[in-house]
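# Coordinates in review
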Amino acid sequence: MQLAMRGPLRTEFLNEVSRILMEFSGCDSVEMWLKERGRYYRGEVNRSKKPRFRFEMMPTEEEEGRILPRVEDKDLLGRLCRDIMLRRTDAFLPFLTPAGGFLTGDISSTLQQVFDNEVKTEDSGRFLQAGQFSSLAVIPISMEAENIGLLQLKSKTSDFLSRNDVEFYESLIQTLVSALIHRRTQVELRERIKELTCMYGIAKLVEGSGLTLSEIVQGIVELLPPAWVYPDVASARIILDGNSFVTDRFRESDYRQVADLMVEGEKRGTVEVNYSEDKPELDEGPFLLEERRLIDTIAREVALIVERKHTEGEKARLQEQLRHADRLATIGQLSAGVAHELNEPIGSILGFAQLIEKNPRLPEQVEQDAVKIKKASLHAREVIKKLMLFARQTPPQKIRVDLNQIVDEGLYFLESRCAKEGIRVERKLAGSLPKIHADPAQMTQVLVNVVVNAIQAMPGGGKLTIQTRASKKTVSLAIKDTGAGMDEKIKKQVFLPFFTTKDIGHGTGLGLAVVHGIVTSHRGSIDVRSALGKGTTFEVSLPIAEARGGKE
Ligand code: ADP
Ligand code: MG
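Computed from a prediction, not measured in an experiment: that's the story for all the values here.

Our focus in this paragraph is the overall build of the protein. Check the secondary structure of the protein and you find 13 helices and 19 strands. Within the protein, buried positions represent 41% of all 552 residues. Sequence-distant contacts, at least 24 apart, represent 64% of the contacts inside the protein between residues at least 6 apart. Put simply, the protein shows about 30,300 Å² of open surface, and 52% of that area lies on carbon and sulfur atoms.

Spatially, β10-β9-β12-β11 is the arrangement adopted by the 4 strands of the open sheet, whose pairing is antiparallel. The strands lining the two open edges of the sheet, one partner per strand, are β10 (243–246) and β11 (255–263). If you compare each strand with its neighbour and ignore which way they point, the axes differ by 20 degrees on average. Pairing of β11 with strand β12 (residues 266–275) involves 9 bridges; the strand directions are antiparallel.

Right, let's talk about the packing of aromatic side chains for a bit. On inspection of all chains with the given rule, the structure shows 7 aromatic pairs. Three or more aromatic residues joined by ring pairs form one cluster here, namely Phe24, Phe168 and Tyr169. Sitting over the ring of Tyr230, Lys279 keeps its end group 4.5 Å from the ring centre.

Below, the discussion takes up the pattern of salt bridges. One pass over the full model with this rule turns up 41 salt bridges. The shortest N-O distance in the salt bridge between Asp283 and Arg10 comes to 3.4 Å. Placement of Asp283 in the loop between β12 and α8 (289–358) and of Arg10 in helix α2 (residues 10–25) is noted, with a sequence separation of 273 residues between them. Each member of the pair Asp283 and Arg10 is classed as buried.

The contact between helix α6 (residues 163–207) and helix α7 (residues 213–223) brings their axes to 10 Å, and the two run at 165 degrees. As the angle between them shows, α6 and α7 are arranged roughly antiparallel. Crossing handedness for the pair α6 and α7: right-handed. Here Cys198, Gly201, Ile202, Leu205 and Val206 of α6 come into contact with α7, specifically with Ile216, Gly219, Ile220 and Leu223.

Pairing between the strands of a sheet is mediated by backbone hydrogen bonds and can be parallel or antiparallel. The 5 strands lie next to each other as β14-β16-β17-β19-β18, forming an open sheet whose pairing is mixed. Here the strands that pair on one side only, and so sit at the sheet edges, are β14 (423–428) and β18 (525–531). Taken pair by pair, the neighbouring strands of this sheet meet at an average axis angle of 10 degrees, ignoring direction. Bridge count between β14 and strand β16 (residues 462–470): 6 bridges; the pairing is parallel. In the sheet register, Glu426 faces β16, and the bridge partner there is Thr465.

With respect to the secondary-structure elements, Lys154 resides in strand β8 (residues 146–155). The contacts of Lys154, once residues within four sequence positions are left out, are Cys27, Asp28, Ser29, Glu31, Leu77, Phe133, Ser135 and Leu136.

Taking burial as the measure, the 9 residues of strand β19 (residues 535–543) include 8 buried ones, the bulk of the element. Pairing of strand β17 (residues 474–481) with β19 involves 8 bridges; the strand directions are antiparallel. Note on β19: the bridge partner recorded for Leu477 is Val540. Relative to β19, β18 runs antiparallel, the two being bridged by 7 bridges. By the bridge assignment for β19, Ile526 is matched with Val540. Taken together, β18 and the strand that follows it, β19, pair antiparallel across an intervening segment of 3 residues, in which Gly533 is found at a positive phi of about 80 degrees.

Now for the confidence of the model for the protein. Looking at the protein as a whole, its pLDDT mean stands at 86, while 89% of the residues score no less than 70. β17 holds the highest mean pLDDT among the elements of the protein, 97, whereas helix α5 (residues 116–121) holds the lowest, 66.

Let's shift gears to the environment of Leu9. Position of Leu9 relative to the elements: it lies in the loop between α1 (2–5) and α2. Overall, the relative accessible area of 10% leaves Leu9 in the buried class. Discounting residues that sit within four places of it in the chain, Leu9 has contacts with Arg183, Arg190, Val229, Tyr230 and Leu282.

To continue, consider the environment of Leu80. Following the sequence through the fold, Leu80 ends up in helix α3 (residues 76–85). In this structure Leu80 comes out as buried when scored by relative accessible area, which is 2%. Sequence separation between Leu80 and Thr110 is 30 residues; the distance between their C-alpha atoms is 9.6 Å. Not counting chain neighbours up to four residues away, the residues in contact with Leu80 comprise Leu93, Phe102, Thr110, Leu111, Val114, Phe115 and Leu136.

This part covers a nonpolar patch on the surface. On the surface, a nonpolar cluster with roughly 280 Å² of combined accessible area is contributed by Phe24, Phe168 and Leu172. Tracing the backbone shows Leu172 in helix α6.

Quick notes on the rules
- Starting afresh in each chain, residues are numbered from 1 along the sequence in its written order.
- As they are written, the chains are lettered A onward and the ligands numbered 1 onward, keeping that order.
- Under the rules for a predicted model, residues below a pLDDT of 70 receive no local features and side-chain atom pairs below 80 are neither given nor counted, while totals for whole chains, interfaces and linings still include all residues.
- Only hydrogens and water are set aside when side-chain values are computed; all heavy atoms of the structure are taken into account.
- What counts as a helix is a DSSP run of H or I of at least four residues, what counts as a strand is a run of E of at least two, and both are numbered from the N terminus.
- The buried label goes to any residue with under 20% of its type's maximum accessible area, the exposed label to any with over 50%, and the partly exposed label to all in between, with areas taken from a 1.4 Å probe on protein chains only.
- The contact criterion used throughout is that any non-hydrogen atoms of two residues lie within 4.5 Å.
- Areas reported here follow the Shrake-Rupley algorithm with a probe of radius 1.4 Å; residue values treat only the protein chains shown as occluding.
- Any two strands between which DSSP finds at least two bridges are classified as paired.
- Comment: axis = line fitted to C-alpha atoms, over the contacting stretch for helices; angle = value between 0 and 180 degrees taken between N-to-C directions.
- Note on aromatic contacts: the rings of Phe and Tyr and the six-membered ring of Trp form a pair at centre separations within 6.5 Å, being stacked when their planes are under 30 degrees apart, edge-to-face when over 60 apart, and tilted otherwise.
- By definition here, charges over rings are those cases where NZ of Lys or CZ of Arg is within 6 Å of the ring centre and within 35 degrees of the ring normal.
- Counted as salt bridges are all cases of a side-chain nitrogen of Lys or Arg within 4 Å of a carboxyl oxygen of Asp or Glu.
- Note on angle classes: values under 35 degrees are labelled roughly parallel, values over 145 roughly antiparallel, values of 65 to 115 roughly perpendicular, and the remainder oblique.
- Crossing chirality is assigned from the near helix's rotation relative to the far helix, an anticlockwise turn below a right angle marking it left-handed and a clockwise turn marking it right-handed.
- What pLDDT conveys is the predictor's confidence in a given residue, as a value from 0 to 100.
- Residues enter patches when they are more than 30% accessible in relative terms and free of salt bridges; like-charged ones are connected within 9 Å and nonpolar ones (Val, Leu, Ile, Met, Phe, Trp, Tyr) within 5 Å.

Given below as C-alpha cells:
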C-alpha cells in the first residue's frame, strides 16, 4: 500500500510486489498476471534467473467479446493457470477455496492428470520446463466479481505450500487489489498534473503576446519532454509546414509517439516525442494512454494557434489596407477642396493677366511676362478641373457621352507620366463611336485605374495601346500593356477587393474592384487576357445608349 501511494509505474510496482512476496513466502518464483486497460501484463521474479525480474505484455485473443491472455499450446503450466483464472478447470481438480485458489505439491503429476491425452502422445521432454518446480499455488486476482489476473507462487521443493498459505495469500489479494487501484489513481493524478502544467505553459506562451508563431511553437516543443514519464531520455519535435522545431539533443528513434497536426482538415505537420532508449511496455509501446491524450491535445492546441495567428495576420493586413483606402479617400476629398479654393484666385490671376495684356503702353518685356502668366494660369485651371473630376465631387450622373472624348480627356494626365516612365502611348481610337449612357467621371476613373496598373506593370518602360471599337450593341475600350503579365492564379483574383501583389504604400488592391463595380453598374463587362512576361489586356464593354428618346 505504501508503495502504491507513491504512484510507481506498473512495471516497478509489479516488480516490487513480486519481490516482497518471494522473500516473504520463501518461494523460488512469483509470477503475476494482470489485466489493465484491456491488456494482460505478466511479471515474474525468479530467484535463479538473470535478470531476476521479467515483465512483458501477453499476447491476447478474443473469445465471446472478452479479451483473454493467449498461452502457447505446449505451455501446459500456462494453460492450467489460465484455466484456473477463467474458472474453466475440470471438476476433479482439487480446489481449495470457493474463491478458486489452487494448490499442488507435485506439478508434474498434476499436469499429467489434467492433460492426460496430450502427455501420452507427446514427448515427455516438453514437460521438463514445467518440471523445474514442484510446488505451485495459483490464486486468482478478482475485482468486481471478475478475475483480472492471478498470482503464482512456485517452489522447487515439493509440498512446499500448505492450504493455510493459500488462504493467507487469498486474503492478501484483497489488499493487493486496493493497492493496484490506488496506484492507478496516483498515476492518473500525476499525469493529469503534468498535463495541466503543460497546458498552462502553452496558455502562458500564447497570452504572452508579441511572440511570433515560430517562437510559440518552439516554446511548446520544450514543454513536452518534462510531461512524459521518462523526461531524461525524451526529446520532442514539432514539424509545421516543413519547418522543424526541436528540443536540445533531439534524436529520432523507433520509440516515439506521434500526433498529426491538422489545421482546418488539412495535415500541416506532426507533434512527436521520442525516447532515446527502449523502455518497458506501457499502454502504447513505452508510452501511457494519458500521454497519447496529451500529445493529441497539444497537436489540436498548436493547430488552433496556427489558425488564430493566420486570422490575426489577415485582420492586420485588412486593417492596413482599409487605413490606406481611407487615406486615399481623404486625400481625394482634400484635393477636391483645395482645388475648389484655388479656382477663385487662379481665376483672378488669369483675369488680371488678361487686363495687363490689353494695356497698349506696356514695355515689351512686361507684355511677354503677362502672356506667360496667362498661359501658366490656364494650365493651372485645367489641372484643377481634372482634379475635381477625379475626386468625384459631383454625384454620379449618367449622361449620353462619347467614350472617345472621355479617353482623350483622361489621357491628358496620364501621358506625361507615361513619358517619364519610358512608356510609349499608342491611341487607336475609332473614327466615330455611338454614344453610351454613362457617368463621365466614373468612366475616367475606370480608365485611370487600369492605365495606372499598366504603367506599374512596365517599370522598365514599354508600350501602352489604347483602343476603342464599336460592335452591334456595345462599344469597347481595350488597354494593352507590354508589362510583366500575370499567372492564372493572380488573374483569377484581380477584381477582388484588397487583392494586391504590390507592397504596402504601392497598392491597395482596390483599383480593379472599383473598376469592376463601376462597369457592372453600367451594365457592362470587363475581361482580362494576360501572358506572363508578355503583357496584359483589359477590355471593357459598355452597352450603346438607346436612340435619343423623348425623355432627354
Ligand atoms: P493594386 O494596383 O492596388 O494592387 P488593383 O486592384 O488595381 O490593386 O490590382 C490588383 C492586382 O492585379 C495588382 O496588384 C496586380 O497584381 C494585378 N494587376 C492589375 N493590373 C495588372 C497589369 N496590367 N499587369 C500585371 N498585373 C496586374
Ligand atoms: Mg491598381
